[in-house]
Amino acid sequence: MKKLGIILVSHVPDIARGIPQLLTQVAPDVSITNAGGTNENDIGTSMEKILAAIEENKASELLAFYDIGSSKMNLELATEMTDKQVHLYDAAFVEGAYTAASLIEADVALNEIEKQLAPLKIK
């Protein structure tokens, strides 16, 4: 397993579960966890799910990607409640996560990954 991992947060449970299927095709050795929907699996986000996804991730340092609004707010709060180092990116959700996963798999350094994520910033 790689030192860097990925966490994905979406308002929609199916989106949060689906993106890792895509990412593992290019990054089978990267720990990818997700949090989607509310605790009742409705549209929204859940602090409990986000914290669980952070803690369940096997990596010690995480690159976090989110879809919209409260996903970012809850990720920011969650980063204050964990000992893991979490980097939050305002990048295009799928494209940013895919780029990061493929680069982590190739053992690219974090500063180089961040350079490649910069043009994907949309939020």
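Definitions and limits used
Residues numbered from 1 in each chain as written. Predicted model: local features only at pLDDT ≥ 70, side-chain atom pairs only at ≥ 80, totals over all residues. Heavy atoms only, no water. Pairing = 2+ DSSP bridges. Helix = DSSP H or I, 4+ residues; strand = E, 2+ residues; numbered from the N terminus. Axes fitted to C-alpha atoms, helices over the stretch in contact; angles between N-to-C directions. Contact = heavy atoms within 4.5 Å. Buried < 20%, exposed > 50% of the residue type's maximum accessible area, 1.4 Å probe, protein only. Salt bridge = Lys/Arg side-chain N within 4 Å of Asp/Glu carboxyl O. Phe/Tyr/Trp six-rings, centres within 6.5 Å; stacked < 30°, edge-to-face > 60°.

This next bit is on the sheet that holds strand β1 (residues 4-10). Within the open sheet, the four strands sit side by side as β2-β1-β3-β4. Their pairing is parallel. With partners counted over all chains shown, the strands left at the sheet margins are β2 (32-36) and β4 (85-88), one partner each. Strand-to-strand, the axes of this sheet are offset by a mean angle of 25°, without reference to chain direction. Bridging between strand β3 (residues 61-66) and β4 involves four bridges; their strand directions are parallel. If you follow Leu63 over to β4, its bridge partner there is His87. Set on the sheet, helix α1 (residues 13-26) makes contact with β1 and β2; between it and β2 the angle comes to about 165°. The strands touched by helix α3 (residues 70-79) are β1, β3 and β4; relative to β3, the strand with the most contacts, the crossing angle is about 160°.

Looking now at unusual backbone geometry. The phi dihedral of Asn41 is positive, around 65°, even though this residue is not glycine. Summarising the element assignment, Asn41 is placed in the loop between β2 and α2 (47-56). Under the relative-accessibility criterion, Asn41 is labelled partly exposed at 48%. With a phi angle near 60°, Asp107 is a residue other than glycine that sits in the positive phi range. With respect to the helices and strands, the residue Asp107 is situated in the loop between α4 (93-105) and α5 (110-117).

Turning next to the pattern of salt bridges. A complete count under the given rule lists five salt bridges for this structure. Between Lys2 and Asp107 there is a salt bridge; the shortest N-O distance is 2.7 Å. Of this pair, Lys2 sits in the segment before β1 while Asp107 sits in the loop between α4 and α5, placing them 105 residues apart in sequence. A salt bridge links Glu61 to Lys3; the nearest nitrogen and oxygen atoms lie 3.1 Å apart. Of the two residues, Glu61 is situated in strand β3 and Lys3 in the segment before β1; the sequence distance between them amounts to 58 residues. Residue classification places Lys3 among the exposed residues on the basis of a relative accessible area of 56%.

Before going further, it helps to spend a moment on the packing of aromatic side chains. One pair of aromatic rings is described through two measures. These are the centre distance and the angle between the planes. Enumeration according to the criterion identifies one aromatic pair in this entry. Relative to Tyr89, the ring of Phe65 lies with its centre 5.5 Å away and its plane at 25°, an arrangement referred to as stacked. Residue Phe65 is found in strand β3, and its partner Tyr89 is found in the loop between β4 and α4; the two are separated by 24 residues along the sequence. Exposure remark for Phe65: the relative accessible area of 0% places this residue in the buried category. Under the relative-accessibility criterion, Tyr89 is labelled buried at 10%.

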